[in-house]
Amino acid sequence: MTDNGLQSDRRDTMTTEMQEIAITEDKPLLTGQADTTKDAELAARILLDQGQEHSIETPHGVLHVTLHGARTTRRPAILTFHDVGLDSKSCFSTLFKFEEMQEIVKSFTLIHIDAPGQDEGAATYPTGYQYPSMETIAEMIPAVLQFFNFRTVIGVGVGAGAYILSKFTLANPDAVEGLVLVNIDTNARGWMDWAAQKLSSVTSSLTEQVLSHLFSQEELSSNTDLVQSHRDRISKSSNLFNIELFWKAYNSRRDMNLDRNSTFKCPVMLVVGDQAPYEDAAVECNSKLDPTTTSFLKMADAGGLPQLTQPAKLTEAFKYFIQGMGYMASSCMTRLSRSRTTSLSSSYSMDGSRSRSRTLSQGSQGGQMPPSPSQTMEVSC
């Protein structure tokens, strides 16, 4: 072979080797970039779906808290508190994972608080442990806001959680821009209720007592799949003793002593199912609040846990409530907007029988409702 031929073969060999080297060097860089992007997307998805769990020290003990979404403080966080016999997941996952709720979830940070010892897998308290009162639990919440550096929140509470968030709001009015209270009962238990509870504790198991608090008699009699799933979950819970302590603390709650002159300083939406155990208590609470900043949502064909059985309706109402506070003004309103002209009904207030027709969004800006003396809204949807 001639010298020119050998030189040509060498050049070809070197070119091939250089290409192989280039490919070998380029591939890890490209793969690494792709992996980094995928990892970031996966982390964001996990943060949205599963959330970040935190154990937060407070002056009265540790709270288990789960945060969903970006920790942006430009808007208030949505802070939730669950009912007795539930934790943050079983109480709110159905609502906040609902498809139409995602518009809100992507716009706000969610902070789910579990009452002491109520989170899944929590250690059982020792016998004789002094469980904190409803007031004490409410006093633990400011530490959560400080931990995440949030100045204000929109509270969403159910049952005992609604009571706790109400106590927190009364003590910290500047920290709460709005309240959604499901199955609220602001009254202390009377002697008749106390006697009935004592009798029930003798004749019924703790699981059945809690179920009668969560569900209507119609739901319990029908023994729906939802009732049965909660019966199984509570009865088989590894921290049933903790649930009993929370249950006793709620039954020992004090009267909130609300009236038109001593009430919440923020917009409030009261929610109750028309078959719920606490329908009368919610109606009474509505009569005590400022009608210019309060809306009453009574859900037809809804039992004790409307956030689980009627997530679509509650999502629509929640969007409407937030829009009335001046947030998400461009949010698409569908079902509630179309039906509000036909779904308004009359309700009795302390001022007597009158038409209640104020909607949540009429001229509302920056969390302030328009003046509308003696009018609130009751929606049966």
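An account of the accompanying structure is given in this report. (Residues numbered from 1 in each chain as written. Predicted model: local features only at pLDDT ≥ 70, side-chain atom pairs only at ≥ 80, totals over all residues. Heavy atoms only, no water.)

1. Examining empty space enclosed by the protein
Think of a ball as big as a water molecule: rolled over the atoms, this probe shows where empty space is left.
Then comes step 1: Counted under the stated rule, the structure contains 2 cavities of 30 Å³ or more.
Then comes step 2: Taken as a whole, the largest cavity holds about 70 Å³ of empty space.
Then comes step 3: Every residue along the wall of the largest cavity is listed here: Phe92, Leu95, Phe96, Met101, Val156, Val158, Val180, Val182, Gln307, Leu314 and Phe318.
Then comes step 4: Residue assignment for the lining of the largest cavity shows that the elements contributing at least two residues are α2 (88–96), β5 (153–158), β6 (176–182) and α14 (311–324). (1 Å grid on protein atoms, 1.4 Å probe; cavity = no way out; pocket = protein on both sides within 12 Å on 5 of 7 lines; lining within 4 Å. Points joined across faces, edges and corners; volume = space filled by probe spheres on them. Helix = DSSP H or I, 4+ residues; strand = E, 2+ residues; numbered from the N terminus.)

2. Thoughts on helix α5 (residues 141–148)
Then comes step 1: Along α5, the positions that sit buried rather than exposed are Ile141, Ala143, Val144, Leu145 and Phe148.
Then comes step 2: Within two residues after α5, Asn149 carries a phi angle of roughly 65°, on the positive side. (Buried < 20%, exposed > 50% of the residue type's maximum accessible area, 1.4 Å probe, protein only.)

3. Some details on the packing of aromatic side chains
Then comes step 1: Following the criterion strictly, the structure yields 6 aromatic pairs and no others.
Then comes step 2: Ring geometry for Tyr125 and Tyr129: centres 4.1 Å apart, planes at 5°, overall stacked.
Then comes step 3: Owing to a relative accessible area of 18%, Tyr125 belongs among the buried residues under this scheme.
Then comes step 4: For Tyr129, a relative accessible area of 32% translates into the label partly exposed.
Then comes step 5: In textbook terms, an aromatic cluster arises when at least three aromatic residues are bridged by ring pairs, as seen for Tyr125, Tyr129, Tyr131 and Phe246. (Phe/Tyr/Trp six-rings, centres within 6.5 Å; stacked < 30°, edge-to-face > 60°.)

4. Some remarks on the nonpolar core
Then comes step 1: In terms of nonpolar packing, the biggest core is built from 93 residues, with Phe96, Ile111, Ile113, Ile141, Phe246 and Phe318 touching the most fellow members.
Then comes step 2: In contact with Phe318, other than residues within four places in its own chain, are Ile78, Phe96, Met101, Ile104, Ile154, Val156, Val180 and Met269. (Core = buried A, V, L, I, M, F, W, Y, C linked by side-chain atoms within 4.5 Å. Contact = heavy atoms within 4.5 Å.)

5. So, the pattern of salt bridges
Then comes step 1: Inspection of the entire model under this criterion finds 7 salt bridges.
Then comes step 2: Of the charged contacts, one joins Glu208 and Arg231 as a salt bridge, the two residues approaching to 2.9 Å between their closest N and O atoms. Of this pair, Glu208 sits in helix α8 (residues 206–214) while Arg231 sits in helix α10 (residues 225–235), placing them 23 residues apart in sequence. (Salt bridge = Lys/Arg side-chain N within 4 Å of Asp/Glu carboxyl O.)

6. Let's talk about the environment of Lys298
Then comes step 1: With respect to the element layout, Lys298 can be found in strand β8 (residues 294–299).
Then comes step 2: According to the relative accessible area criterion, Lys298 is buried, its value standing at 17%.
Then comes step 3: Reaching out from Lys298, the side chain makes a polar contact with the side chain of Glu279 at a distance of 3.2 Å. (Polar contact = N/O pair within 3.5 Å; in protein donor to acceptor, adjacent residues only side chain to side chain.)

7. Details of the packing of α2 against α14
Then comes step 1: Where α2 meets α14, the axes come as close as 9 Å, and the angle between the chain directions of the two elements is 75°. Between α2 and α14, the angle falls in the class roughly perpendicular. Across from Thr94, Leu95 and Phe96 in α2, the residues of α14 making contact are Pro311, Leu314, Thr315 and Phe318.
Then comes step 2: Classifying every residue of the contact of α2 with α14 gives 5 nonpolar, 2 polar and no charged. (Axes fitted to C-alpha atoms, helices over the stretch in contact; angles between N-to-C directions. Parallel < 35°, antiparallel > 145°, perpendicular 65-115°, else oblique. Nonpolar A, V, L, I, M, F, W, Y, C, P; charged D, E, K, R; others polar.)

8. Regarding the packing of α8 against helix α11 (residues 240–251)
Then comes step 1: Following both chains from N to C, one finds α8 and α11 inclined at 50°, their axes separated by 11 Å at the closest point. If you check the angle between α8 and α11, you find them oblique. Every pair of crossing elements has a handedness; the one defined by α8 and α11 is left-handed. Residues Leu206, Gln209, Val210 and His213 of α8 lie in contact with α11, whose contacting residues are Leu240, Glu244, Trp247 and Tyr250.
Then comes step 2: Classifying every residue of the contact of α8 with α11 by side-chain character gives 5 nonpolar, 2 polar and 1 charged. (Left-handed = near helix turned anticlockwise from the far one by under 90°.)

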